[in-house]
Amino acid sequence: MRILVVDDEESILVPLEFLLKKAGHEVVLARTGEEALEALSRGAFDLMVLDLMLPGMDGFAVLERAKALSQRPKVLVLTARGREADRAKALALGAEAFMAKPFGIQDLLSQVEELAGGR
Amino acid sequence: MNPLLLLLSLFLYLGLLFLVALLGEGRGRFLVQSPWAYTLSLAVYATAWTFMGSVGRAAMEGASFLPIYLGPTLVLLLWPFLHEKLLSLARAHRLTSWADFLYLRFGHGLLGPLAAAFLVVGLLPYLALQLKAIAQAFLFLRGEEEPLTDIALPTALLLALFAILFGTRRLDPSERHQGLVLAVAFESFVKLLALLLVGGVVLWQLGNPFPRVQGHPELLPLLLPQEGLTGYLEWASLMVLSGLAFLFLPRQFHVSVVENTDPRHLHLAAWAFPLYLLFINLPVLPLALWGRLLLPEGNPDLYVLALPLELGSAPLALLAFLGGVSAATAMVVVESLALSILISNHLLSPLLLRFRALGSLLLWRRISILAVMLLAYLYFRLAGEAYALVAMGLISFVAVAQLAPAGLLGLFWKGATPQGALAGLLGGIVIWAYTLFLPALARSGWLPSFFLEGPHPLLSPEGLLGIRGLDPVTHGFLASLTLNLALTLGVSLFTRREALQEERTGEVEELAALLRRVLGPEAEESFRHQARALPGREAAGLAETLLAGSVGPATAKLLLLSVTREAPPEALREEVEEAARESRELRAYAQALEEARKELAEAYERLKALDQAKDELLAAVSHELKTPLTAVRALAEILEANPDLSEEERGRFVSLLAKETARLSRLVEEILAYTRLQAGVPLARSPTDLRALAEEALALVEPLARERGITMESHLAGVQALTDRDRVLQVLLNLLHNALRHARSRVRLELTLTNREALFRVFDDGPGVPPQARALVFEPFQSFSGGTGLGLFLARRLVESLGGRIWLEEGEGATFAFTLPLEVEHEDSGGGR
Amino acid sequence: MKERSFALFLLALFLFLFPVSLVVPSPLGPWGLPPLYLYLYGSWGLVVLLALLLFHRP
């Protein structure tokens, strides 16, 4: 799968990139909402792993815009903010899955596989 | 002897007494309050009568000089019944004299003035005898035979002056004159010493007189007890008489009751004063015998002076003179003071009140003293020549004893009524005058001899009802006191006790104003202080007591009439007070309840706020922890699951792991710092090189800057400050981390010195703080950029605790600036709120 | 305390009012001193001593 990982923390991007690449997926990284949208406009992605807390444009806005695209990817929301309201909002905006930090890498990988299986 | 020498030594001695009095009012106050001073002050009982008259009496009448001192011994043994009771009464009601007590106990308006006036007249012989003693002594030593009268008048005036100086310096409602007490105590010591010295020297030089008496049979009766029944009666009467006098003499009441500072002094006085009397009487008989033996023609009252002269010792005679004068002076000063208080309280006050002249009480006291001394001089002129010293004194004793039935029965018998007291007193006065006072005047030729014989043999002034053979004093004493007692008892039994006087109640304000008018601002202050918590009735009672001390009880009552109103009758009053008290209690209770409720509500709000803050903190903290924890967990798991990573990748992951772990620990540090701030850990001040500190901070954040690719710039001035190094470092690190997080390419740290402050500025070229967030940027848990949410808040708290200010500057990017005072002057270890 | 002081008072009264003339025969007695005065001062001193013992302790 072609996966876009969006998070402003270096220390999250690096392990995620490693894991997903190891699982055989193609990974593109974005550090801000703008970068993410730019990447989405340049090419189609199957999945977007999205952190809600981004500098500048926040995660919900990115989610909305992404879902408005023609080739909208599936979205897995990853965030440290674990409130119910966030979860509900994310799902209402169209996110397919919601995971709270911290997570185990196995949980993440299995969630990604599940989403990939939907294609 | 040179008269100038006499006068000079006299004045010197009086001057010394005056200095002692001043000492007693000043630094010597502790002396005055010792029980020995009290005991010695009681010895004002021993006057020139004791010093000179006793020897005279012993020389002519034998042992009858002695019972005068046995009486007070007996009375003092009964102090738990008498003096102790009087002391507590006096303290409670501000009694200044027996007349006050009579008024207090009986309430009859006539008793006080009558007692006061009678005491003045009755004490004239006693005062006159002091004048006579001094005048006699002076003339004798001077060696001339001038008439006594020329010396007596100046003596009287001088003594009056002394009394005024000692006793009327100011108006004290408690009538305490501490200086006077010390002077009297000192004087008592001097006269004891003087008489013992004179006696001792005479005995030493002349030897034992008793063997010589064998050769002079006319002297033998002096050594034997009184003859027969009459002799025994005289002995017994003198004892009872002197005991009563000791109790009722105004000067004795004054020194033993009014001037008493501690009732426990009585424990000492009860045995020490009789001991004093015993000692001062030891030389009397030997001196009397030697006087009779060597100077049979001389005046026995002057033996104490004549014997030293006979021995050729002028200094000893001078000492004896001073001793006698000293004794007389003390008596006059205290007695005339006590009389002036009596006069002003019971005789003058009602008049002054009517003429609204109460403000000049002190002046009237002084006039009273002068008047009394002039009257004493007058009596001396009229009746002094004919009598020996002791005989004169005894007339006064009998007068004073007339107060005894009313006084003692009033103390111990509830059935004594005002009418009884009045009747007894009047009867006693009449008999006393008839049997003692008037005959004395007649004997000197100022009244017709009718007063010596009476209209009828049965009514002979010196032999009522046909009783013969008694000496006048015994006779007068027995007659007057018998009638007095009989009337007091009889009339009391036949009259009913009146209901207690109605009580009055008043407002504290008006009462205080009255006290100010009459007694001055000090009394008003004292009253206000004491009356703070008293209900109206008791406040009125207190005001009355305070007034009575200075103007006498009758006048005090009159004064109070104007500012008080009747208190409601007893039974109803109790119910009313009860109801008032209950409603007061209820209201107080309701109020307390309301306050407690308010406090509870406030506490609840505070608790809710705290709880919310705690929740927020917990949420923020856990939130902030999640991100680095995620990374740490992921990286660690990867490292574990992939042992075959390339060196480069492994290295990268490990360094990321290290970075995130450091981030976690920094977060924990900040939280700890936050809690420490909350707890208020005090500052640690030390001289700090701020430039070096800034460089250290830069060095600490350099790895992070390098990693993010941010250029660090700095411009640091050399600034020293007295401050908490760790805290400043913490602030710098917080600001630098914040800057690095947001910067695009540059972060700049500036340190400059302005006025008396060090100014730090941290600039980053990041997106800056959006306008809506500017106000909240220093608030806790406001992180909008992935920081801890606490960093800037902590920085603000720290800077404020160090005495500086922190703010966000306007302009491109974000510039955070804070100041530090060069010296931390005002510590607030918790920072601002 | 009160009872004892009253008792001492009665004793003193008795001593002082004692009709000494019944007992004292002559003006001069032991050591050439008049017995009347010896008795008076002696009993006086005794009373004082008893008062000292009685009142000074409390």
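Quick caveat, the model's predicted, so the values are computed rather than measured.

J.: Please give an account of the overall build of chain C that cites residues and values.
T.: Within chain C, the regular secondary structure consists of 2 helices and 0 strands. Expressed as a percentage of its 58 residues, the buried residues of chain C come to 28%.

J.: Tell me about the UniProt feature "modified residue: 4-aspartylphosphate" (unreviewed entry) in chain A, and please be specific about residues and values.
T.: Residues and elements named next belong to chain A. Listed under "modified residue: 4-aspartylphosphate" (unreviewed entry) in the UniProt record, and renumbered for this structure, are Asp 51. Counting through the fold element by element, Asp 51 comes out in strand E3 (residues 47–51). For Asp 51, a count of 26 C-beta atoms within 10 Å gives the class buried. In this structure Asp 51 touches Val 6, Asp 7, Asp 8, Gly 59, Leu 78 and Thr 79, once residues within four positions along its chain are discounted.

J.: How would you sum up the interface of chain A and chain B? Please name residues and give values.
T.: As a measure of interface size, the accessible area lost when the parts come together is often cited. Contacts between the two partners involve 18 residues from chain A, matched on the other side by 18 residues from chain B. Counting residues per element, the side of chain A that touches chain B draws most heavily on helix H1 (residues 10–22) of chain A, which supplies 7 residues. In terms of residue class, the side of chain A that touches chain B is built from 11 nonpolar, 2 polar and 5 charged.

J.: Now, about the nonpolar core: what can you tell me, with residues and values included?
T.: Residue and element names in this part refer to chain B. Counting residues in hydrophobic clusters, the biggest one holds 223 residues, and the most contacted among them are Ala 115, Val 304, Ala 376, Val 398 and Ala 401. Considering each element in turn, this core owes the most residues, 22 residues, to helix H17 (residues 314–354). Composition of this core by domain shows at least three residues from each of domain 1 (3–88 + 131–388) and domain 2 (504–567). In this view, Ala 115 contacts Trp 98, Ala 99, Leu 102, Leu 403 and Leu 425; residues no more than four positions away in its chain are not counted.

J.: I'd like a description of the interface of chain C and chain B, backed by residues and values.
T.: Listed as interface residues are 32 residues of chain C and, on the opposing side, 26 residues of chain B. Mapped by element, the contributors of at least two residues to the side of chain C that touches chain B are helix H1 (2–17) and helix H2 (35–56) of chain C. No other element matches H2 of chain C, which puts 12 residues into the side of chain C that touches chain B. Across the side of chain C that touches chain B, the residue classes tally to 26 nonpolar, 5 polar and 1 charged.

J.: Now, about the UniProt feature "transmembrane region" (unreviewed entry) in chain C: what can you tell me, with residues and values included?
T.: The UniProt entry lists residues 35–55 of chain C under the feature "transmembrane region" (unreviewed entry), expressed in the numbering used here. This span, residues 35–55 of chain C, is 100% helix and 0% strand, and a straight line between its end C-alpha atoms measures 30 Å.

J.: Outline the packing of helix H3 (residues 35–42) of chain B against helix H10 (residues 178–206) of chain B, listing residues and values.
T.: Residue and element names in this part refer to chain B. Following both chains from N to C, one finds H3 and H10 inclined at 70 degrees, their axes separated by 8 Å at the closest point. With respect to each other, H3 and H10 are oriented roughly perpendicular. Between H3 and H10 lies a crossing of left-handed hand. Two secondary-structure elements touch here, H3 through Ala 37, Leu 40 and Ser 41 and H10 through Val 181, Leu 182, Val 184, Ala 185, Ser 188 and Phe 189. Across the contact of H3 with H10, the residue classes tally to 7 nonpolar, 2 polar and no charged.

J.: Before we move on, could you go through the environment of Thr 96 of chain B and cite the residues and values that matter?
T.: Mapped onto the secondary structure, Thr 96 of chain B falls in the loop between helix H6 (83–93) and helix H7 (98–106). Here Thr 96 of chain B falls in the buried class, since 27 other C-beta atoms lie within 10 Å of it.

J.: Give a detailed account of unusual backbone geometry, specifying residues and quantitative values.
T.: Residues and elements named next belong to chain B. For Arg 94, which is not glycine, the phi dihedral falls at a positive 55 degrees. Inspection of the secondary structure puts Arg 94 in the loop between H6 and H7. A positive phi is found at Asn 755, a non-glycine position, where the angle reads about 45 degrees. With respect to the helices and strands, Asn 755 occurs in the loop between strand E8 (746–754) and strand E9 (757–764). Since 9 C-beta atoms lie within 10 Å of it, Asn 755 is described here as exposed.

J.: I'd like a rundown of the packing of helix H2 (residues 33–42) of chain A against helix H3 (residues 59–68) of chain A, residues and numbers included.
T.: Residue and element names in this part refer to chain A. For the pair H2 and H3, the least separation of the axes is 10 Å and the interaxial angle reads 10 degrees. Comparing their axes, H3 and H2 come out roughly parallel. For the pair H2 and H3, the contacting residues are Gly 33, Ala 36, Leu 37 and Leu 40 in the first and Ala 61, Val 62, Arg 65 and Ala 66 in the second. Partitioned by chemical class, the residues of the contact of H2 with H3 number 6 nonpolar, 1 polar and 1 charged.

J.: Give me the lowdown on the sheet that holds strand E6 (residues 711–716) of chain B, citing residues and values where you can.
T.: All names here are of chain B. Here 5 strands make up an open sheet; going across it, the order is E6-E8-E9-E11-E10 and the pairing mixed. Looking at strand neighbours, the two that pair on one side only are E6 and strand E10 (806–809), the edges of this open sheet. With direction set aside, neighbouring strand axes in the sheet form an average angle of 15 degrees. For E6 and E8, the ladder comprises 6 bridges, and the chain directions are parallel. Looking at E8, one finds that Thr 711 is bridged to Arg 746. Against the sheet, helix H31 (residues 725–742) touches E8, E9 and strand E11 (814–821), its axis set at about 20 degrees to E9.

J.: Give me the sheet that holds strand E5 (residues 97–100) of chain A: which residues, what numbers.
T.: Strand pairing within a sheet occurs via backbone hydrogen bonds; the two strands may be parallel or antiparallel. All names here are of chain A. Taken together, 5 strands build an open sheet; the order of strands is E2-E1-E3-E4-E5 and the sheet is parallel. Edge positions in the sheet fall to strand E2 (26–30) and E5, since each has one partner strand and no second. Averaged over all adjacent pairs, the angle separating strand axes in this sheet is 20 degrees, with direction ignored. One ladder, built from 4 bridges, connects strand E4 (residues 74–79) with E5; its direction is parallel. If you follow Thr 79 over to E5, its bridge partner there is Ala 100. Together, strand E1 (2–6), E3 and E4 form the strand contacts of H3, whose direction differs from that of E3 by roughly 160 degrees.

J.: Lay out the pairing of strand E7 (residues 720–723) of chain B with the relevant residues and their values.
T.: Moving residue by residue along a regular strand, the side chains alternate between the two faces of the sheet. Residues and elements named next belong to chain B. Residues Ala 721 and Thr 723 of E7 are buried on one face, while the alternating residues Gln 720 and Leu 722, pointing to the opposite face, are not. Relative to E7, strand E5 (residues 686–689) runs antiparallel, the two being bridged by 4 bridges. If you follow Ser 686 over to E7, its bridge partner there is Thr 723.

J.: Break down helix H4 (residues 48–61) of chain B for me, citing the residues and quoting the values.
T.: Residue and element names in this part refer to chain B. Ser 54 marks where H4 bends most, by close to 35 degrees. Across the 14 residues that make up H4, a large majority, 12, are buried. Every buried residue of H4 is listed here: Ala 48, Trp 49, Thr 50, Phe 51, Met 52, Gly 53, Ser 54, Val 55, Gly 56, Arg 57, Ala 58 and Ala 59. The positive-phi residue at the C-terminal boundary of H4 is Gly 62, with phi of around 80 degrees.

J.: Any details on the environment of Met 52 of chain B? Residues and values, ideally.
T.: Residue and element names in this part refer to chain B. Along the polypeptide, Met 52 turns up in helix H4. When the C-alpha positions of Met 52 and Gly 323 are compared, they lie 9.5 Å apart, and in sequence the two are 271 residues distant. Those residues in contact with Met 52 that lie beyond four places of it in its chain are Ala 133, Asp 301, Leu 302, Val 304, Gly 324 and Leu 389.

Parameters at a glance
Residues numbered from 1 in each chain as written. Chains lettered and ligands numbered in written order. Predicted model: local features only at pLDDT ≥ 70, side-chain atom pairs only at ≥ 80, totals over all residues. Helix = DSSP H or I, 4+ residues; strand = E, 2+ residues; numbered from the N terminus. Buried ≥ 20, exposed ≤ 12 C-beta atoms within 10 Å, placed from the backbone. UniProt positions renumbered as here; feature names shortened; annotations may be inferred. Contact = placed C-beta atoms within 7 Å. Nonpolar A, V, L, I, M, F, W, Y, C, P; charged D, E, K, R; others polar. Core = buried A, V, L, I, M, F, W, Y, C linked by C-beta atoms within 7 Å. Domains from an automatic or database assignment. Axes fitted to C-alpha atoms, helices over the stretch in contact; angles between N-to-C directions. Parallel < 35°, antiparallel > 145°, perpendicular 65-115°, else oblique. Left-handed = near helix turned anticlockwise from the far one by under 90°. Pairing = 2+ DSSP bridges. Bend = angle between axes of the 7 residues up to and from the residue.

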